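# Understanding the architecture of this molecule
Listed below are the residues making up each chain.
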2 protein chains.
Amino acid sequence: MNINLLNQPDSEIGIIGLGLMGSSIITSLLISGYHVKAIAPIPNEAESGKSRVKELLAICAQSRLIEDEETYLSKLTVSENYADLSNCLLALECVIEQIEIKKIVYDQIAQYIHPEAIIASNTSAIPISVLQKLVPNPARFMGIHWAEPAYSTRFLEITCGDKTDVTKAEVVYQAAHEWGKEPTLLRKDIRGFITNRLMYAVYREGLDLIESGEAKKEDTDKAFKYDVGSWITYMGIFKRMGYEGLKNKAVIIQNLLPNLSQITHVPKIMEEIVNQKGRGIYNQIGLYKYTADDCKVWEKEFADFIDDISRLAAKFPVNKRLE
Amino acid sequence: MNINLLNQPDSEIGIIGLGLMGSSIITSLLISGYHVKAIAPIPNEAESGKSRVKELLAICAQSRLIEDEETYLSKLTVSENYADLSNCLLALECVIEQIEIKKIVYDQIAQYIHPEAIIASNTSAIPISVLQKLVPNPARFMGIHWAEPAYSTRFLEITCGDKTDVTKAEVVYQAAHEWGKEPTLLRKDIRGFITNRLMYAVYREGLDLIESGEAKKEDTDKAFKYDVGSWITYMGIFKRMGYEGLKNKAVIIQNLLPNLSQITHVPKIMEEIVNQKGRGIYNQIGLYKYTADDCKVWEKEFADFIDDISRLAAKFPVNKRLE
């Protein structure tokens with residue numbers, strides 16, 4: 001088995017788990033031309049997952065990402081049989097974030113997959129070095145973390161654990177460009193990878209600001225949305241520093257950093273919502289109040305937005321001269 | 001004088017300083033229909049500033065933000081004479097971030113402006129409570145912080161100092177909607193206001209990550225760009241929490257916050273560039289290497305992007321039901 005063929009759209013990739021993320025990733029790979037072997041570890045997930053992929057392909061056709069849904073759908077097989085993975089170059093696990101469950105899934109995968117194939121996890125919560133211990137060949141295990149909706153966002157984070165063979169991660173990195181991604185490769189397993197670290201730095205500061213009463217949540221949301229939203233899709237944070245001038249930024253850093261939040265605990269304002277089993281739009285308990293109908297509007301609007309922003313971002317490809 | 005008329009596009013606003021920000025703010029107010037009295041505190045700035053506003057109006061016409069440049073230009077007067085401010089409801093200072101210079105400007109403004117008018121600063125670096133001490137009527141002084149380019153971005157941060165009369169800030173907040181903004185109102189003067197606090201939390205984490213060698217700057221830029229860039233123009237950070245579910249986020253906060261950067265100093269990697277007098281694209285010394293020609297391409301591309309993202313954001317106005 002030659003895993004270098006992973007950048008050939010005709011090769012086979014296995015996806016284990018057909019939840020929201022799993023179906024979205026399957027759709028992404030299908031529209032990139034790949035053959036997908038989907039494994040449903042949960043009873044009835046095969047049926048519901050397949051319907052969901054059909055729906056997503058229809059959305060892709062509507063947004064003119066693809067022309068003919070049937071051609072793509074014909075490259076998908078869904079079953080509960082892990083033996084289907086035998087020709088896959090890569091098996092990507094997308095199940096719930098519980099180590100015990102993932103262990104059961106890896107044992108099944110390992111039983112049928114080619115010893116040279118890659119096993120990966122879409123986890124964003126568990127360190128890769130921990131999961132790596134659960135597979136027979138840790139050198140061929142890594143994190144491949146997607147963003148929702150996987151078929152239209154370009155984010156993809158590839159993370160090595162302590163024992164990952166970096167050259168294997170590089171093969172996935174190359175192939176990811178074929179999946180329409182702008183991947184990043186983290187050679188060292190750091191907690192939270194890159195994006196969660198940056199984003200939780202924002203969450204920490206934001207939660208601390210509203211908990212202390214220094215700012216209202218509505219204003220905090222607006223400020224970040226209209227400031228960062230006006231440039232981030234065009235340039236990253238260090239590129240932005242260059243655009244605005246580093247000298248001034250260093251002066252502000254000097255004055256501002258000692259004032260920034262250093263909390264390491266869950267802010268009370270959030271703890272209270274968690275105690276109420278707040279799941280945001282899923283049960284309408286969150287920092288904002290909204291009805292189930294509001295949430296439907298929101299999901300529809302956001303789907304339209306994702307479609308628009310992906311199209312816009314594609315007009316401004318990474319300018320190699322400038323990074 | 002009735003400052004409540006500030007929300008009437010036919011009223012007069014004074015702008016002091018015709019640098020990059022000043023001319024951009026003037027353009028924003030002109031295309032919203034306001035009469036602008038621009039004061040040039042630096043010799044020759046009147047001429048260069050006026051040409052710059054003309055150029056910006058031409059850009060607005062190209063992007064179909066306005067139809068006829070001349071009508072708008074006719075509502076602008078540029079001089080070195082502070083007496084022109086006598087009928088202005090608001091005088092906004094946009095000069096260099098040096099307290100001594102601002103003091104000279106405020107003395108001039110106060111000499112001619114109506115005692116009931118508002119004086120404000122576009123500062124992002126100096127606390128409002130400090131600047132407030134330099135004017136005769138601190139209750140009518142506040143921060144009004146714009147983002148570049150002021151005529152197309154919707155960000156606007158209004159900040160009260162210790163002595164600001166909040167009802168006056170609320171008048172500006174209301175009027176700002178007429179300027180095409182989605183303003184925020186900070187009732188308390190906190191260091192860095194809102195957006196800089198959130199953004200420098202990201203800069204701290206990002207700089208620490210690349211300084212420690214845990215991630216490459218290119219990857220850090222990419223990860224934030226493609227993750228946050230795919231939703232921030234649609235929703236703020238707390239709304240995002242609701243969308244993704246708060247329960248999971250609390251678990252990640254618990255695990256991740258103790259690992260986040262707590263540095264309060266300027267990272268070495270940045271200090272070195274500052275020592276080289278690095279001003280990013282202005283002198284091509286920054287975290288990335290680029291030529292002067294690269295920077296021209298960049299500025300052009302980014303102008304196009306800003307145009308596109310503003311149009312896209314306008315398709316998704318703040319949904320009052322959801323925030």
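Let me sum up the structure you'll find in this document. This structure is a prediction, so every number in the text was calculated from the model and none was measured.

## A closer look at the relation of the copies chain A and chain B
- Superposing chain A onto chain B takes a rotation of 180° combined with a translation of 0.0 Å along the rotation axis, leaving an RMSD of 0.0 Å. On this basis, the relationship between the two copies can be described by a two-fold rotation axis.
- By residue overlap, the copies meet face to face through one surface: 100% of the interface positions of chain A are interface positions in chain B.

## A few points about the pattern of salt bridges
- Under the counting rule described, the total for this entry stands at 33 salt bridges over all chains.
- The shortest N-O distance in the salt bridge between B:Asp308 and A:Lys315 comes to 2.5 Å. Of the two residues, B:Asp308 is situated in helix α12 (residues 292-315) and A:Lys315 in helix α12 (residues 292-315); the pairing between them involves two chains.
- Using a relative accessible area of 18% as the deciding quantity, one classes B:Asp308 as buried.
- Among the ionic pairs, B:Asp307 bridges to B:Arg311, the shortest N-O distance being 3.4 Å. Placement of both B:Asp307 and B:Arg311 in helix α12 is noted, with a separation of 4 residues, approximately one turn of the helix.
- Overlapping salt bridges, with partners in common, bring together A:Glu93, A:Glu97 and A:Lys102 in one network.

## Here we look at the packing of aromatic side chains
- Counted according to the given criterion, the structure contains 24 aromatic pairs over all chains.
- Pairing A:Trp146 with A:Trp179 gives two aromatic rings, centres 5.6 Å apart and planes at 10°, and the pair type is stacked. Placement of the pair is A:Trp146 in strand β6 (residues 141-146) and A:Trp179 in the loop between α6 (166-178) and β8 (182-186), with a sequence separation of 33 residues.
- Taking the relative accessible area as the measure of exposure, A:Trp146 reaches 4% and is therefore buried.
- Through a chain of ring-to-ring contacts, three or more aromatic side chains come together here, namely A:Tyr234, A:Tyr243, A:Phe316, B:Tyr290, B:Trp298, B:Phe302 and B:Phe305.
- Here the guanidinium or amino end of B:Lys239 rests over the ring plane of A:Trp298, the centre of that ring lying 4.9 Å away.
- One Lys or Arg, B:Lys239, reaches over the ring of B:Tyr234 and ends 4.9 Å from the middle of that ring.

Thresholds, definitions, all that
- Residues numbered from 1 in each chain as written.
- Chains lettered and ligands numbered in written order.
- Predicted model: local features only at pLDDT ≥ 70, side-chain atom pairs only at ≥ 80, totals over all residues.
- Heavy atoms only, no water.
- Least-squares fit on C-alpha atoms with pLDDT ≥ 70 in both.
- Contact = heavy atoms within 4.5 Å.
- Salt bridge = Lys/Arg side-chain N within 4 Å of Asp/Glu carboxyl O.
- Helix = DSSP H or I, 4+ residues; strand = E, 2+ residues; numbered from the N terminus.
- Buried < 20%, exposed > 50% of the residue type's maximum accessible area, 1.4 Å probe, protein only.
- Phe/Tyr/Trp six-rings, centres within 6.5 Å; stacked < 30°, edge-to-face > 60°.
- Lys NZ or Arg CZ within 6 Å of the ring centre and 35° of its normal.

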